[in-house]
Amino acid sequence: MTDDTSPARPPGPGRTAVLRLSGDLDYDTGQELTESLDAALADRPDVLAVDLSAVTFADSFALRLLVLAHRRLEESGGAMVLVGPLATPVRRLLEITATDGHFTIADSVAEAGAAVRGRRPARPGTP
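Nothing here was measured: the structure is a model prediction, and the numbers come from that model. (Residues numbered from 1 in each chain as written. Predicted model: local features only at pLDDT ≥ 70, side-chain atom pairs only at ≥ 80, totals over all residues. Heavy atoms only, no water.)

## Some words on helix 4 (residues 109-117)
One turn of an α-helix holds 3.6 residues; hence residues three or four places apart share an orientation. Heads up, the rule is: Burial classification: accessible surface area is computed with a 1.4 Å probe over protein chains only, and a residue below 20% of its type maximum counts as buried, one above 50% as exposed, and the rest as partly exposed. Helix and strand definitions follow DSSP, with helices as H or I runs of at least four residues and strands as E runs of at least two, each counted in order from the N terminus. Directions are taken from the helix axis to each C-beta atom, and the arc is the one they span. Residue contacts are defined here by distance: any two heavy atoms, one from each residue, within 4.5 Å place the two residues in contact.
Burial in helix 4 covers these residues: Ala112, Gly113 and Val116. Buried residues of helix 4 fall within an arc of 85 degrees about the axis and therefore sit on the same side. Residues Ala110 and Arg117 are exposed on helix 4 and point more than 90 degrees away from its buried face. Those residues of helix 4 hidden inside the fold are in contact with strand 3 (47-58), strand 4 (79-83) and strand 5 (104-106).

Now the structure itself:
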């Protein structure tokens, strides 16, 4: 698993951060995924776009980490968007576990912010 965390705007409340992942997301890469998610969430972005377009496989362990990160972000008033296009094994994992309705999924990083605007109110003090 490789990742690249790059803010679409400077990190912090009211901002979108992008976490680009690639390869396999599974038990073997779980520690690296945890560290990447923790780093991305540390600046409390308003939206975290997790770009999965280069992920070829994900297992239930990786899904659990994404769900936990999603929950942490929502509890702090933010939102997570999974960005595709999603590989068939990744999309199938979301469908089988019925978590495809749990996550907001966008077709591109550019669409990530717009995908969540209508789903939740903004944090107080943010546009």
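## A few points about the pairing of strand 4
Just so we agree on the cut-off: Paired strands, as defined in this entry, are two strands with at least two bridges between them according to DSSP. Think of it like this: strands point away, you trace from the first strand over the helix to the second, and a clockwise trace means the crossover is right-handed.
In terms of burial, strand 4 is a largely internal element, five of the five residues being buried. The alternating pattern of strand 4 places Ala79, Val81 and Val83 and Met80 and Leu82 on opposite faces, both of which are buried. Relative to strand 4, strand 3 runs parallel, the two sharing five bridges. Following the sheet pairing, valine 50 is matched in strand 4 by leucine 82. In this region the chain leaves strand 3, passes through helix 2 (residues 60-75) and returns to the parallel neighbour strand 4; the handedness of that crossover is right-handed.

This is a description of form; function is not addressed.
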